[in-house]
Amino acid sequence: FFTTLQQLKLCSQPNPILPIGFVGQHKDRKLWKWVSECHCAVCWCSLADGESSRTRMRSAVSVREGQGVVLLCGTPPRAGDLSFAWIFNEYPSFVQEDSRRFVSQETGHLYIAKVEPSDVGNYSCVVTSRASRSPVLGSPTPLVLRTDGVMGEYEPKIEVQFPETLAAAKGSTVKLECFALGNPVPQINWRRTDGLPFPSKIKLRKSNGMIEIPNFQQEDAGLYECITENSRGKNIARGRLTYYAKPHWVQPIQDVEVAVEDTLSWECRASGKPKPSYRWLKNGEQLAIEGRIQIENGALTISNLNLTDSGRYQCIAENKHGVISSSAELRVVASAPDFSKSPMKRLIQVQIGSTVDFECKPRAFPKAKCSWKKGGEQLQENERISLLKDGGLRVANVTKGDAGTYTCLATNQFGTAKGSTSLVVTGGASGDLMIRNIQLKHSGKYVCMVKTEVDSVASAADLIVRGSPGPPEHVRVDEITDTTAQISWQEGTDNHSPVTTYTIQARTPFSVGWQRATTVPDVIDGRTFTSTVVDLNPWVEYEFRVVATNKIGGGEPSLPSEKVRTEEAVPEIPPSEVSGGGGSRSELVITWDPVPEELQNGEGFGYVVAFRPSGTSTWIQTVVTSPDTPRYVFRNESILPFSPYEVKVGVYNNKGEGPFSAVATVFSAEEEPSTAPSGVSATSLSSSAIQVSWTAIPWKMSNGRLLGYEVSLYWNKGQKEESSNRVKAAGNETSIKITGLRSNLDYYTAVRAYNSAGAGPFSATVNATTKKPPPSQPPGNVVWNVTDSRVLLSWEEVRAMDNESQVTGYKVLCRSSQGGLQELSTAGTTAELWLQLQDDYLIEVRATSEGGDGSSSQQILIPRLASTFSPFPLSQLLSASFVHFLKKTAVVNACFFFYPDVFLNSLYFTVS
């Protein structure tokens, strides 16, 4: 029985509560149900065992015409898998379901969307167990019409609703119910929120009150909507179907026999959704994990095996929807070497100069260590004798002396055994055939014929050339899922050496050439011609090819399979580098690195951008439908400047929603500065430059980051700042030098602050006039002389023209060949320089003025005059005083000069 008042279905706009009848008795306490007088009425119809329950009449349920009603059916004792029906008046008159009447197979209740006069009568609930097929009939409940009026029209009220989230098994049949009360009778429609049409297998039943999805698969998962609508409005119910699959084996375990002290690697692999977890049992008990025994991703590894490890093992794979197990026997074997099943050859016959191999492969657990004797002599490795890794012996360039009996002595901790082979060496013969760079095509039957004048003999031999295998054939994809592909092929030619393993390679439009694929089993032996490729990316086009390998090596790959595309799946990788910031006022800019196409897992890929002010709990979400979009801008006047937001970006496609990125903090756009700089001034520096200065505006870090100041510059007084030339000063700079201007021109300038949101208002305009241009005439008749340790310079005075700045002085520039530059300013037309001897120099003179430096004089080249401890030609010296200067031991930083047109070749000095 349903006995709590909270389970009543009540409508809006309640009137005084009315009793609608006695519904049962529990512990001597009578149970009544109540309902408000409103758009719909609710009645409980209880079920009980025995004849009395089928004959006892319940109190009448009184409703208005046009009102909706729900008659509830209680569940009988020992409820199980049940089906429900309702009888109208008497058996076998069952309620016929249509757009107005609905019987829920989930709750058993009868729903009448809009009561009509023909609905008046007695209603009984019939519950049938699907297992026993025995029905239980409830007590009849009369439904009567009230006489105080007809119910007016009202919007749909959904009374039957499927769960918000429902997990459905692979291959199962899913039924979703949806029904609403309303006047007029609501129309019911279904849709997927991703916009995909329903496949043909999906059926709408019971006047669209139920949707049935047979053979449920992963592509059927998603968000479903039931839309109920009439002329008064509509209501929508939503629920998500999620896909799950019980575990099933991809690679079960099989019986295995392993030698004592060896290592066992036993792998079992199952698929399912969610991904199964694994555990192992030994002889029905949980396998203990310790140093020798490890389990990782379902694989069991036991190192240094001993006899007690033998037993019956079970690998169990399970998820929350099912459990499967695979059993196999492990036999740990220990035995002494034994040649009975693999005896050595009794006789080998070879020719002188050839190479001979002796095999020694006794059955032994663990593997035996082999040593060799010839006769009674122990053999050691040398340039002709090699002890092979498999226990065999090789003798190269055989001689007559190598003939004899060779004995292999095989030993392990359980015993020793030996086997022998006799070697017969035959004499050499002329007429040998040698084939260099032998190829597969050289295989065949060769005949050696020896002739004399009286007779001839012949000897034949088959030459077998072994090579790497040929390419496998007819590679095809037999089955494809979202992350796996079943590949099969046919063997190619083995070229006289059996194939030992196969390797599968895969190629996609996003890969760099062919890459080795991960397969189950991981190692594909030469007798297997099918394998499952795993760890593929969903919704990616793949090609596959197969490569065979034998003892010689890897062969040529097969031709590629036809291109196939893996199935779609929910995306698993969220965007990276989620960040943002900047933008204009009232904007929140969010950026991310788009997810590569190969990781989008299906069509309809896009992003779910979620954000909220820091410190709040409710996320605001929006959808970005373009997979290549790296940013989203949210604009709203309510966004405060430079406010912190928590943001995350998720992914979705037609299969559903994937994960979100980690939460990042992003600041909303700053507000552009609201005040103009003060104290703006402009000062002329020269004929081509002015200096603009200002006082920084007040700024708080809470307003964001001030990027700097923008200076407008124009020479037409009526020109607007917006159309002027602009220069910027970064950061906290409060002045800027503007160069490249025209001379003797009045410039107007204004300053404003800016940040990432934009620029603030301009300051008041100030002006400055650039200076007249500097003198165009260069200093002329530059003469110089050396006195003691000095160079004396003189030149003619420069006179400025009327349209030029007046001369304020002169500037002497001295540049060494090493790149050093010295500068001397003087007010007159002479200058004195202190010079060194060890470098070459260029000297020039300029006039200076308020408008800047004038034209330079002709450059004077001064070559090196002397070097310490070297003879110096007197013909290069200017005067005896200069010779005195060269003898100085201390040299002042400056230039030194000489006259190259003085020629005195007869006398030399050594300077020290």
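Residues numbered from 1 in each chain as written. Predicted model: local features only at pLDDT ≥ 70, side-chain atom pairs only at ≥ 80, totals over all residues. Heavy atoms only, no water.

Chemist: Pulling in residues and values, what's your account of the overall build of the protein chain?
Modeler: A tally of helices and strands in the protein chain yields two helices and 76 strands. Of all 912 residues assigned to the protein chain, the portion counted as buried reaches 41%. The long-range fraction of contacts in the protein chain, counting pairs at least 24 apart against all pairs at least 6 apart in sequence, stands at 65%. Surface summary for the protein chain: the accessible area is close to 48,600 Å², and the carbon and sulfur share equals 49%. (Helix = DSSP H or I, 4+ residues; strand = E, 2+ residues; numbered from the N terminus. Buried < 20%, exposed > 50% of the residue type's maximum accessible area, 1.4 Å probe, protein only. Contact = heavy atoms within 4.5 Å. Areas by Shrake-Rupley, 256 points an atom, 1.4 Å probe, with all protein chains shown as cover.)

Chemist: Which residues make up the layout of surface pockets, and what values go with them?
Modeler: Volume-wise, the second largest pocket comes out at about 550 Å³. Looking at the second largest pocket, it is lined by 14 residues, and the ones nearest its centre are L433, Y446, C448, A460 and A461. A class-by-class count of the residues in the lining of the second largest pocket yields 10 nonpolar, two polar and two charged. (1 Å grid on protein atoms, 1.4 Å probe; cavity = no way out; pocket = protein on both sides within 12 Å on 5 of 7 lines; lining within 4 Å. Points joined across faces, edges and corners; volume = space filled by probe spheres on them. Nonpolar A, V, L, I, M, F, W, Y, C, P; charged D, E, K, R; others polar.)

Chemist: Account for the sheet that holds strand β36 (residues 385-387), with residues named and values stated.
Modeler: Strands sit in the order β32-β37-β36 across an open sheet of three strands; the sheet is antiparallel. Two strands lie at the open edges of the sheet, namely β32 (356-358) and β36, each paired on one side alone. Pairwise comparison of adjacent strand axes, ignoring direction, gives a mean angle of 15° for this sheet. Note that β32 and strand β37 (residues 393-395) share three bridges and pair antiparallel. Bridged to F358 within β37 is L393. (Pairing = 2+ DSSP bridges. Axes fitted to C-alpha atoms, helices over the stretch in contact; angles between N-to-C directions.)

Chemist: Before we move on, can you summarise the state of the cysteines with the specific residues and values?
Modeler: The tally for this structure, following the rule as stated, stands at four disulfides. Sulfur-sulfur distance for the disulfide between C178 and C226 comes to 1.9 Å. When the S-S torsion is -80°, as for the bridge of C178 with C226, the disulfide is left-handed. Remark: C226 occurs in strand β19 (residues 222-230) and C178 occurs in the loop between β14 (174-177) and β15 (179-183); sequence separation between them is 48 residues. The same class applies to C178 as to C226, namely buried. Here C360 is linked by a disulfide to C408, with a sulfur-sulfur distance of 1.9 Å. Negative torsions about the S-S bond denote left-handed disulfides, and the value of about -70° found for C360 with C408 makes this one left-handed. Placement of C360 in the loop between β32 and β33 (363-365) and of C408 in strand β38 (residues 404-412) is noted, with a sequence separation of 48 residues between them. Like C408, C360 is buried. Counting only cysteine sulfurs, C360 is the nearest neighbor of C370, a cysteine outside any disulfide, at a range of 3.7 Å. The exposure class assigned to C370 is partly exposed, which follows from its relative accessible area of 25%. (Disulfide = S-S within 2.5 Å.)

Chemist: I'd like a rundown of the side chain of N495, residues and numbers included.
Modeler: If you trace the backbone, N495 turns up in the loop between β43 (485-490) and β44 (501-507). For N495, the contacting residues outside a window of four places in its chain are L440, V465, R466, G467, S468, P469 and G470.

Chemist: So what's going on with the packing of aromatic side chains? Residues and values would help.
Modeler: Under the defined criterion, the tally for this structure stands at 24 aromatic pairs. An aromatic cluster is built from F102, Y111 and F179, whose rings are joined through pairwise contacts. Lying over the aromatic face of W619, K648 brings its terminal NZ or CZ to 4.3 Å of the ring centre. (Phe/Tyr/Trp six-rings, centres within 6.5 Å; stacked < 30°, edge-to-face > 60°. Lys NZ or Arg CZ within 6 Å of the ring centre and 35° of its normal.)

Chemist: Please give an account of the confidence of the model for the protein chain that cites residues and values.
Modeler: Per-residue confidence for the protein chain gives a mean pLDDT of 82; residues scoring 70 or more make up 85%. Contacts from residues 866-912, a stretch scored under 50 in pLDDT, to residues over four places away or in other chains number 104 contacts. (pLDDT = per-residue confidence, 0-100.)

Chemist: Any details on the pattern of salt bridges? Residues and values, ideally.
Modeler: Tallying each qualifying case throughout the model produces 36 salt bridges. Between R585 and E672 there is a salt bridge, with its nearest N and O atoms 2.7 Å apart. Highlighted residues: R585 in the loop between β51 (576-580) and β52 (587-593) and E672 in the loop between β58 (664-667) and β59 (678-684), separated in sequence by 87 residues. Across the pair D853 and R846 runs a salt bridge, and its minimum N-O distance is 3.7 Å. (Salt bridge = Lys/Arg side-chain N within 4 Å of Asp/Glu carboxyl O.)

Chemist: Lay out the pairing of strand β27 (residues 299-302) with the relevant residues and their values.
Modeler: Within a regular beta strand, the side chains point alternately toward one face of the sheet and then the other, so they alternate between its two faces. Residues of β27 alternate between two faces, with L300 and I302 buried on one and A299 and T301 left unburied on the opposite face. Here four bridges tie strand β22 (residues 264-267) to β27, and the two strands are oriented antiparallel to one another. Looking at β27, one finds that E267 is bridged to A299. Direction of pairing for strand β26 (residues 293-296) relative to β27: antiparallel, over a ladder of four bridges. Looking at β27, one finds that E296 is bridged to A299. Connecting the antiparallel pair β26 and β27 is a turn made up of two residues, with N297 showing a positive phi of about 55°.

Chemist: Please provide a residue-by-residue account of unusual backbone geometry, values included.
Modeler: Note on backbone geometry: most residues besides glycine have negative phi, and most peptide bonds are trans. The omega angle of the peptide bond from N183 to P184 is 5°, so this bond is cis rather than trans. Following the sequence through the fold, P184 ends up in the loop between β15 and β16 (187-192). In this model, V520 is joined to P521 through a cis peptide bond whose omega is 0°. Backbone geometry at N297 places phi at a positive 55°, although glycine is not the residue there. As for its placement among the helices and strands, N297 is situated in the loop between β26 and β27. Positioned with a positive phi, H496 is a non-glycine residue whose angle comes to about 70°.

Chemist: How would you explain the sheet that holds strand β31 (residues 347-351) if you had to name every residue and give the values?
Modeler: The five strands lie next to each other as β31-β39-β38-β34-β35, forming an open sheet whose pairing is mixed. The sheet is open, and its two borders are formed by β31 and β35 (377-378), each paired with just one other strand. Bridge analysis of β31 against strand β39 (residues 415-426) gives five bridges, and the strand direction is parallel. Bridging across to β39, L347 finds its partner in S422.

Chemist: Describe the nonpolar core, with residues and values.
Modeler: F179, W190 and F216 are the most contacted members of the largest nonpolar core, which totals 30 residues. With sequence-adjacent residues up to four places away left out, F216 is seen in contact with A168, A169, K170, G171, S172, V174, K201, A221, L241, T242 and Y243. (Core = buried A, V, L, I, M, F, W, Y, C linked by side-chain atoms within 4.5 Å.)

Chemist: Help me get a handle on the environment of W249, residues and values and all.
Modeler: Mapping W249 onto the fold places it in strand β20 (residues 233-251). Classification of W249 as partly exposed rests on a relative accessible area of 24%. Not counting chain neighbours up to four residues away, the residues in contact with W249 comprise C268, R269, A270, C315, A317, I324, S325 and S326.

Chemist: I'd like a rundown of the side chain of Q251, residues and numbers included.
Modeler: Its location among the elements puts Q251 in strand β20. In this structure Q251 touches E267, C268, R269, V520 and P521, once residues within four positions along its chain are discounted.

Chemist: Lay out the environment of I843 with the relevant residues and their values.
Modeler: Looking at the element boundaries, I843 is found in strand β72 (residues 841-849). Measuring from C-alpha to C-alpha, the distance between I843 and L821 comes to 9.9 Å, with 22 residues separating the pair along the chain.

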